[in-house]
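# Breakdown of the fold
Letter by letter, the chains look like this.
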Amino acid sequence: MAPVRPSELRSAAALFAVVGVLTAGCSVSTTAPAKPVPAHAAAPASPVARPPVGVIPVVDSTVGRSMPIEAYLFTAEQLEQVTAARDKLTVQCMQRFGLSYTPAPQPQPRQGGQAAHRYDVVDPADGYRVPQSAPAPAASTPPARLAPEEITVLAGDVPGNSKPITTFHGLPIPKGGCLGAADAKLTAQGGSMTDSPQAVDINFDDYQHSMTDDRLRAVFSQWSDCMKAKGYAYPTPNDATNDKRWKGTTTASAAEIATATADAQCRQQTNVIGTWFTVESAYEDQAIQANLGRLNQVKQGIAAVVGNAATVNAGGGL
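Residues numbered from 1 in each chain as written. Predicted model: local features only at pLDDT ≥ 70, side-chain atom pairs only at ≥ 80, totals over all residues. Heavy atoms only, no water.

In this section: the overall build of the chain. In terms of helices and strands, the chain carries ten helices and four strands. Of the contacts made within the chain by residues no fewer than 6 positions apart, 83% connect residues no fewer than 24 positions apart. When the accessible surface of the chain is split by element, carbon and sulfur atoms take 57% of a total near 15,000 Å². (Helix = DSSP H or I, 4+ residues; strand = E, 2+ residues; numbered from the N terminus. Contact = heavy atoms within 4.5 Å. Areas by Shrake-Rupley, 256 points an atom, 1.4 Å probe, with all protein chains shown as cover.)

Put into structure tokens, the structure is as follows:
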């Protein structure tokens, strides 16, 4: 598996890309899809020092464990809180302009954090299929169609518009529209509506750095030997996961299930999961220490945004 970015809240500015969608309805998603990272991708070009790891524990699963960088990323639960507060503030703002706005139902965010199933075969009986997040529930009522000027109230004026719209029914439109106003309130004490790019980069880059580490490569070699003994030829676990034979189908074939079953057994036999988790965590700890001042600010910002969201959701004002 590759790391999955926690769903991140879009800023109002990013919503200009979906203005065309808004003309058909007033629902708009406030979450961005997970950033895809091919598990077989090459490591980042910039080399990093090889961190010490100490004793590597035998670990069969990382479910219930956390990557060090998660302390500086929004959790799924926090994102749900912040999205709910943003929707509530946006609805209230639109009502002040005499407009009805129905936020789009949100899909259930991935649970279990970044470490869950980061290095294992989730369920060999399903092959290499990753469980999908639950889809967003259907809206109870169809969204109302928004006129162009109403879209401006929601998301702000489009940059470069030859005739900027700054008011609606005599009221000034806030910067970034009602979505921008909601974001401004939630970040008034600091923080951002998106995960820190620095924290996200550490989350992804050190996954790639770990795969070039000699300690993990040695375990990959043992895993490969184990797979060969079972009749499968793959250099690394990610080569098995990303076998092109598994692509383009909705269900796992008998061959995929058999491969995933052997893979899971070999990962356990050679302690791939314990080694990988320990090695990557060491790289993340190293990167965190090198950027601790900035990351502490990020953590404080997350706390501020989540605190504001909790106030809004409890019925308080900002």
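There is more to say after this.
This prediction gives the chain a mean pLDDT of 85; 81% of its residues lie at or above 70. Low pLDDT (under 50) marks residues 6-43, which in the prediction has 104 contacts with non-local residues, meaning those over four places away or in another chain. (pLDDT = per-residue confidence, 0-100.)

Inspection of the entire model under this criterion finds seven salt bridges. Taking the shortest distance from any N to any O, the salt bridge between D214 and R50 comes out at 2.6 Å. One end of the pair, D214, is in helix α6 (residues 214-229); the other, R50, is in the loop between β2 (31-32) and α2 (76-96), with 164 residues separating them in the sequence. The residue E280 makes a salt bridge to R118 at a minimum N-O spacing of 2.6 Å. Taken as a pair, E280 in helix α9 (residues 272-290) and R118 in the loop between α2 and α3 (148-155) lie far apart in primary sequence, 162 residues in all. (Salt bridge = Lys/Arg side-chain N within 4 Å of Asp/Glu carboxyl O.)

This paragraph deals with α6. Compared with an ideal rise of 1.5 Å per residue, which puts 16 residues at 22 Å, α6 spans 23 Å between its outermost C-alpha atoms and is within 8% of the ideal. Of the positions making up α6, those classed as buried are R215, L216, V219, F220, W223, S224, C226 and M227. Contact partners of the buried residues in α6: α5 (197-210), α7 (237-241), α8 (254-270) and α9. (Expected span 1.5 Å × (residues − 1). Buried < 20%, exposed > 50% of the residue type's maximum accessible area, 1.4 Å probe, protein only.)

Attention now moves to the packing of aromatic side chains. Tallied over the entire structure, the rule returns five aromatic pairs. Within the aromatic cluster, the residues linked to one another by ring pairs are Y119, Y207, F220 and W276. (Phe/Tyr/Trp six-rings, centres within 6.5 Å; stacked < 30°, edge-to-face > 60°.)

Before going further, it helps to examine the packing of α6 against α9. Running from amino to carboxyl end, α6 crosses α9 at an angle of 165 degrees, the nearest separation of the two axes being 10 Å. Relative to α9, the element α6 is oriented roughly antiparallel. Once α6 is placed against α9, the crossing between them reads as left-handed. Residues R215, L216, V219, F220 and W223 of α6 pack against V272, T275, W276, V279 and Y283 of α9. Looking at side-chain class alone, the contact of α6 with α9 contains eight nonpolar, one polar and one charged residues. (Axes fitted to C-alpha atoms, helices over the stretch in contact; angles between N-to-C directions. Parallel < 35°, antiparallel > 145°, perpendicular 65-115°, else oblique. Left-handed = near helix turned anticlockwise from the far one by under 90°. Nonpolar A, V, L, I, M, F, W, Y, C, P; charged D, E, K, R; others polar.)

What follows is about the nonpolar core. Formed by 48 residues in total, the largest nonpolar core has its most connected members in I69, V82, L186 and W276. Here W276 is in contact with Y119, Y207, S210, M211, L216, F220 and N238, once residues within four sequence places are set aside. Counting 14 residues, the second-largest nonpolar core is a separate cluster that includes F97, V153, L154 and A155. (Core = buried A, V, L, I, M, F, W, Y, C linked by side-chain atoms within 4.5 Å.)

Let us now look at the state of the cysteines. Following the criterion strictly, the structure yields two disulfides and no others. Linked covalently through their sulfurs, C93 and C178 form a disulfide whose S-S length is 2.1 Å. Here the S-S torsion is close to -70 degrees, and the disulfide linking C93 with C178 is therefore left-handed. Taken as a pair, C93 in helix α2 and C178 in helix α4 (residues 177-186) lie far apart in primary sequence, 85 residues in all. Side by side, C93 and C178 carry an identical accessibility label, which is buried. (Disulfide = S-S within 2.5 Å.)

This part covers α9. If you check α9, its first and last C-alpha atoms are 27 Å apart, about what 19 residues at 1.5 Å a residue would give, namely 27 Å. In terms of burial, α9 is largely enclosed, as 15 of its 19 residues are buried.

For any two helices packed against each other, one specifies the crossing angle of their axes together with the interaxial distance. Two numbers describe how α5 lies on α9: the axes approach to 9 Å, and their chain directions differ by 130 degrees. Put simply, α5 runs oblique to α9. Taken as a pair, α5 and α9 cross one another with a handedness that is right-handed. Contacts between α5 and α9 involve I202, N203, D206, Y207, H209 and S210 from the first element and W276, V279, E280, Y283, E284 and A287 from the second.

With that settled, consider unusual backbone geometry. The bulk of non-glycine residues show a negative phi, and the bulk of peptide bonds are trans. Unusually for a residue other than glycine, H117 sits at a positive phi of about 60 degrees. With respect to the secondary-structure elements, H117 resides in the loop between α2 and α3. In the Ramachandran plot, N271 falls in the positive-phi region, its phi being about 60 degrees despite a non-glycine side chain. Structurally, the position occupied by N271 is in the loop between α8 and α9. Judged by its relative accessible area of 11%, N271 falls in the buried class.

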